[in-house]
Structure formats: C-alpha cells, structure tokens
Amino acid sequence: MDLEREFRSLIISKHLNFLIGSGVSAKSIGLMKDFDTHDDLMKKINSVSKKLINEKCTKAVKEDLLEYCNFVRAVVDILNNSNSRQTPKSVNIFTTNYDLFIEKAADKLSGEYGFIFNDGANGYFNRVLNSGNYNRTSSYRGLNDNYISEIPTISLIKPHGSVNWEKVNEEILIKNKVVNNPIIVPPTGNECRDTFMQNHYYEMLRLFQLELDKPQSVLVVIGFSFQDAHIAKMVKRALQNPEIMMFVFCYKNEDKEIYIDNLNISRSEHSNLQFITPNDFDSKKLLNKKYCTLKDLTNLMNGF
C-alpha cells in the first residue's frame, strides 16, 4: 500500500475529522501517569498554557508549538485543495486536551493564511460558547456578487473543557487567559458520568458522534489511547458506518494491541480501520524509528 498517496487522497476528498489526545502535548506537559495527582497535572497544564499566551516558552514548549503550527498549516492546505462542491471546506478538530496549543497555533497562522478558526464562541467582549456555532460556514463574495467562494474553516471542539473556559451566570465564556477555576472534566475515571451530567459536554460529544455517522467521513486519531471509555464506545459504534475510514496513529509499535483492547474490538482487521505504527514508516528508510508523532502525521498530510 502507498500510505502517503492513499492517506492524502482520502483526507482531501472526505469529511475530515481529527481526535487529538494528551500524547501530542506530552513532550512539554507529560501524561497523567507522570503526576501524583490531577492537581499536579493541572498546575503543569496551566503553566504551559500561560507560557504560550505570554510567548515565554521553554524549549520543549516551543518544539510542541512548532509541530502544532505545522499541523494546522497542513490542515489549511488540505482544505484549500479540497473540492467544496463535493465536501465542505471545513475540518473538525476534537481534542480531550485542556491546553491551548491548538488555539495558539491557529492564532500565529491567522495572519499568514486565509482561514476561519471557529472555537464555538460568539460575542466580542464576552465570548459565549454555544455548540450551535459549529454549524456556520463563511464565504468570500465577489464585488459584483458574481461568485461565492467558501473560506476554509477549522472548528475546535473540546469535549473535556479547557483552561480558558470560565462559567459565568450559567454560561461558559472563552477567555484570552488561563482562568482560576476552569470548566473541565477531570481524568478521574468517571469521565463518562461527568460528561453526560453537563449539558455542554454532552453536546460536544453529540457533535462527535454525528460527524462520525456522516457518509464519506474520515477520522484521524493521534495521541489518544482510547482509555476514555465513553469516547472509545463512540468510536467502536462508528465503525459500523461502512462509509467511514479511521486512521489511528500508534505512538509505539506495541501500542496497537493496547488500543485494540481499549476499543474492545476483534483482533482481525476492520476494513475501515487502519492502525499506523512506526513500522509503517520503514519504507522511508527510517529503520530505527521508534515513535509516531504529530510531525509524522503532518508529513503524511503534506504527501511526503
């Protein structure tokens, strides 16, 4: 199989979705297993997010941010090359991460590339989060109304909350800072219960399920091990959609078996599910490659 050609062809021609987990930010933040308590993890996430906002980044944070920027740049390139008469020029990025890497990357690139970054909020001084905002599209219109050209749109959907979400008068506001009491779903093992108890989180996951049920869809998963049982169940259910194609990037070769166990699926290959491991990059003569990273995904998106 020509992985590069097949992958790029599919993501250009289909409804494109990404699911990004904590593994993508692990270089600068770490994983839950690296911390004694959830509070310790949150302190680290808050610290890194503040560095991103204030642009006082450590070397590791700069390296992660560069990878996120290259990824967002590649996403915009894919959207610009897609045919809006076949599929909308839009992509959904679902992430369970609380950090602000994607927001910062989009902000840094907004002046260079013509795209809309939709984080689900509207308003000016008070930016209120509402899941209905994800259904919007934007277009350029000719001076004489002689043409309409859809503008590429990246929608960021955070079903577990964010360090810059603040609850005010029963509404969730998106701030341009790290707030003191962010609205998040903590990784306590009760994510399923906590998520469905909060209507907003439920709406975010409902969007996820609806996107996976659409015909001609692609889901690309990276940095996510399917330990969140409620999301794993949604992904497993979506595999019943014969028109969806899923690509799951495994950080290490042995992670494939772990992901299969967490998804609770058969060891036999599903025709619409493909695991990509470091071994799949051997054709690039990277025989000592041990890990799959966001950089590898970005290279595949760029066709090399």
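Everything here concerns the structure above.
Quick look at empty space enclosed by the protein
Throughout the structure, instances matching the rule amount to 3 cavities of 30 Å³ or more. Its volume calculated, the largest cavity comes out at about 60 Å³. Contributing to the lining of the largest cavity are Glu-103, Asp-119, Tyr-134, Leu-156, Ile-157, Lys-158, Ser-162, Asn-164, Trp-165 and Ile-174. Its residues assigned to classes, the lining of the largest cavity comprises 5 nonpolar, 2 polar and 3 charged.

A few points about the pairing of strand β9 (residues 165-168)
Across a regular strand the side chains alternate sides, sitting on one face of the sheet and then on the other. Where β9 lies against strand β10 (residues 171-174), 4 bridges are found, and the strand directions are antiparallel. Residue pairing in the sheet places Glu-166 in a bridge with Leu-173 of β10.

So, the packing of aromatic side chains
For the structure shown, the criterion picks out 9 aromatic pairs. A centroid spacing of 4.9 Å and a plane angle of 85° characterise the contact between Tyr-124 and Phe-125, whose relative ring orientation is edge-to-face. The burial state of Tyr-124 is the same as that of Phe-125; both residues are exposed. Measuring from ring centre to ring centre gives 6.0 Å for Phe-226 and Tyr-259, while their planes differ by 75°; the resulting arrangement is edge-to-face.

What about the sheet that holds strand β11 (residues 217-222)?
Pairing is parallel across the open sheet formed by 7 strands, whose spatial order is β3-β8-β2-β1-β11-β12-β13. With one partner strand each, in any of the chains shown, β3 (116-118) and β13 (273-276) form the two edges of the open sheet. Averaged over all pairs of adjacent strands, the angle between strand axes in this sheet comes to 15°, irrespective of strand direction. Summarising the sheet, strand β12 (residues 244-249) and β13 pair through 4 bridges and their orientation is parallel.

Some words on the nonpolar core
Core analysis: the biggest nonpolar cluster contains 56 residues, and Phe-18, Phe-71, Phe-249, Leu-297 and Met-301 have the highest contact counts within it. When residues in this core are grouped by element, the largest group, 11 residues, is from helix α3 (residues 59-81). What Phe-249 contacts, discounting residues up to four positions off in sequence, is Phe-7, Val-220, Val-221, Ile-222, Tyr-259, Ile-276, Phe-281, Leu-297 and Leu-300. Leu-212, Ile-244, Tyr-259 and Phe-275 belong to the second largest nonpolar core, which has 37 residues in total.

A closer look at the packing of α3 against helix α4 (residues 101-109)
Between α3 and α4, the least distance of the axes is 9 Å, while the angle of their chain directions is 65°. Crossing of α3 over α4 shows right-handed handedness. On the side of α3, the interface is formed by Val-61, Asp-64, Leu-65, Tyr-68, Cys-69, Val-72 and Arg-73, while α4 contributes Phe-101, Ile-102, Lys-104, Ala-105, Lys-108 and Leu-109.

Description of unusual backbone geometry
The residue Glu-55 is not glycine, and still its phi comes out positive at about 55°. For Glu-55, the position within the fold is in the loop between α2 (38-54) and α3. In this model, Asn-264 sits at a positive phi of 60°, which is unusual for a non-glycine residue. Among the residues examined, Asn-264 registers a relative accessible area of 55% and is labelled exposed.

Basis of the calculations
Residues numbered from 1 in each chain as written. Predicted model: local features only at pLDDT ≥ 70, side-chain atom pairs only at ≥ 80, totals over all residues. Heavy atoms only, no water. 1 Å grid on protein atoms, 1.4 Å probe; cavity = no way out; pocket = protein on both sides within 12 Å on 5 of 7 lines; lining within 4 Å. Points joined across faces, edges and corners; volume = space filled by probe spheres on them. Nonpolar A, V, L, I, M, F, W, Y, C, P; charged D, E, K, R; others polar. Pairing = 2+ DSSP bridges. Helix = DSSP H or I, 4+ residues; strand = E, 2+ residues; numbered from the N terminus. Phe/Tyr/Trp six-rings, centres within 6.5 Å; stacked < 30°, edge-to-face > 60°. Buried < 20%, exposed > 50% of the residue type's maximum accessible area, 1.4 Å probe, protein only. Axes fitted to C-alpha atoms, helices over the stretch in contact; angles between N-to-C directions. Core = buried A, V, L, I, M, F, W, Y, C linked by side-chain atoms within 4.5 Å. Contact = heavy atoms within 4.5 Å. Left-handed = near helix turned anticlockwise from the far one by under 90°.

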